[in-house]
Amino acid sequence: MRPLLRLCLLFPLLAIWPAVAAESETPRLVLPTPHGEPITQLVTMPEGRFAVTGTQSGQIKLWDISTVTELKTTTLALAGEKRLIALLVRHATQLYVVTSDRVLILEIPSLKTINTIESRADILAAEVSNDGETLWLGSSTLQKNVVQSIRRGRFPIREVMARDRPAGASRGWGAPAVSPDGRYALVKDSHKLPLILVRTEDAAVVHTLPSASKIERAEEFGIVNASWTGDSRIALS
């Protein structure tokens, strides 16, 4: 448990946690290692040795969890209002870095970029499948909300679906939710259009769930919540 508890050192805050040593239960006050700006992304690599943090401006740091030591820093070249959207694990030695206009695959622990995949639509949200091989992107253009996917970390970014956005509606799809068995992803538009079920293997749309207007009390609350159960069934509320 010590390595996980020590992750609080990576935030630009004063953090207190209980001492885990058997001989003491006294909380310790810990001064953090500054990142320089607010941290918006944090991910731990599967083997539990490294953690990676990131800021909206594209500053990315690699940390040794056991010693809470900063190992490497890299800064993405983000133009204009582009920002870091997500850090997502591909596998033990690779990390997806999602920005507003591209997906990079970084090698861990070198932080070397081994692939860069450009997006023609602004990326607003991202999620990865359980096996790390399918990346889902909730995206937007000026007129449409778009769902995109990347399979096995290669070109191209595939457009799964696009829908016209009504005037005044929010931009983009929410982050796709991948089923526990990794076979499907559930995506929902930001303005009460139907919920879409997509197969992760080939990014095919296999089902469209009822629109919000057809679900009891959805119009009253203005949103339909959809989630996966442990056995990969969809629960609507």
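Note that the structure is a prediction, hence the values are computed from the model and not measured. (Residues numbered from 1 in each chain as written. Predicted model: local features only at pLDDT ≥ 70, side-chain atom pairs only at ≥ 80, totals over all residues. Heavy atoms only, no water.)

**Brief notes about the overall build of the chain**
Reasoning step 1: Helix and strand content of the chain: 2 helices and 20 strands.
Reasoning step 2: Per-residue burial for the chain yields a buried fraction of 44% across its 237 residues.
Reasoning step 3: Contacts in the chain between residues far apart in sequence, at least 24 positions, make up 39% of those at least 6 positions apart.
Reasoning step 4: Summing over all exposed atoms, the chain offers an accessible surface of approximately 12400 Å²; the carbon and sulfur share of this is 52%. (Helix = DSSP H or I, 4+ residues; strand = E, 2+ residues; numbered from the N terminus. Buried < 20%, exposed > 50% of the residue type's maximum accessible area, 1.4 Å probe, protein only. Contact = heavy atoms within 4.5 Å. Areas by Shrake-Rupley, 256 points an atom, 1.4 Å probe, with all protein chains shown as cover.)

**Focus: the sheet that holds strand E6 (residues 69-75)**
Reasoning step 1: On the basis of which strands lie adjacent, the open sheet formed by 4 strands has the order E3-E4-E5-E6 and antiparallel pairing. Because the sheet does not close on itself, it has two edges, and the strands there are strand E3 (41-44) and E6. Averaged over all pairs of adjacent strands, the angle between strand axes in this sheet comes to 20 degrees, irrespective of strand direction. (Pairing = 2+ DSSP bridges. Axes fitted to C-alpha atoms, helices over the stretch in contact; angles between N-to-C directions.)

**A few points about the pairing of strand E12 (residues 134-140)**
Reasoning step 1: Taken across its 7 residues, E12 has 7 buried, putting it largely inside the fold.
Reasoning step 2: Side chains of E12 alternate between two faces, with Thr134, Trp136, Gly138 and Ser140 and Leu135, Leu137 and Ser139 buried alike.
Reasoning step 3: In sequence, strand E11 (residues 122-128) turns back onto E12 through a hairpin of 5 residues, with Gly132 there showing a positive phi of about 80 degrees.
Reasoning step 4: Where E12 lies against strand E13 (residues 144-151), 7 bridges are found, and the strand directions are antiparallel. When the sheet's bridge partners are listed, Leu137 is paired in E13 with Gln148.

**Quick look at the sheet that holds strand E7 (residues 84-91)**
Reasoning step 1: In spatial order, the strands read E7-E8-E9-E10; together these 4 strands make up an open sheet with antiparallel pairing. Each edge of the open sheet is held by one strand with a lone partner, namely E7 and strand E10 (113-118). Strand-to-strand, the axes of this sheet are offset by a mean angle of 20 degrees, without reference to chain direction.
Reasoning step 2: As paired elements, E7 and strand E8 (residues 94-99) share 6 bridges and run antiparallel to each other.

**Regarding unusual backbone geometry**
Reasoning step 1: Residue Pro109 is bonded to the preceding Ile108 through a cis peptide linkage, with omega at 15 degrees.
Reasoning step 2: With respect to the element layout, Pro109 can be found in the loop between strand E9 (102-107) and E10.
Reasoning step 3: Look at Val68: it is not a glycine, yet its phi comes out positive at around 55 degrees.
Reasoning step 4: Summarising the element assignment, Val68 is placed in the loop between strand E5 (59-64) and E6.
Reasoning step 5: Judged by its relative accessible area of 14%, Val68 falls in the buried class.
Reasoning step 6: In this model, Leu111 sits at a positive phi of 60 degrees, which is unusual for a non-glycine residue.
Reasoning step 7: Its location among the elements puts Leu111 in the loop between E9 and E10.

**Some thoughts on the pattern of salt bridges**
Reasoning step 1: Under the definition given, this model contains 4 salt bridges.
Reasoning step 2: Between Asp101 and Arg102 there is a salt bridge, with its nearest N and O atoms 3.2 Å apart.
Reasoning step 3: Under the relative-accessibility criterion, Arg102 is labelled partly exposed at 22%. (Salt bridge = Lys/Arg side-chain N within 4 Å of Asp/Glu carboxyl O.)

**Description of the environment of Trp228**
Reasoning step 1: Relative to the helices and strands, Trp228 resides in strand E19 (residues 226-228).
Reasoning step 2: Separated by 49 residues in the primary sequence, Trp228 and Ser179 place their C-alpha atoms 6.1 Å from one another.
Reasoning step 3: Those residues in contact with Trp228 that sit more than four places away from it in its chain are Ala177, Val178, Ser179, Pro180, Tyr184, Ala185, Leu186, Leu197, Arg233 and Ile234.

**Focus on the pairing of strand E4 (residues 50-54)**
Reasoning step 1: In terms of burial, E4 is a largely internal element, 5 of the 5 residues being buried.
Reasoning step 2: The side-chain alternation of E4 yields two buried faces, one formed by Phe50, Val52 and Gly54 and the other by Ala51 and Thr53.
Reasoning step 3: Of the strand pairs in this sheet, E3 and E4 are connected by 4 bridges, and their pairing is antiparallel. Within E4, the residue paired with Gln41 across the bridge is Gly54.
Reasoning step 4: Taken together, E3 and the strand that follows it, E4, pair antiparallel across an intervening segment of 5 residues, in which Gly48 is found at a positive phi of about 80 degrees.
Reasoning step 5: With 5 bridges joining them, E4 and E5 adopt antiparallel strand pairing. Bridge pairing in E5 places Phe50 opposite Asp64.

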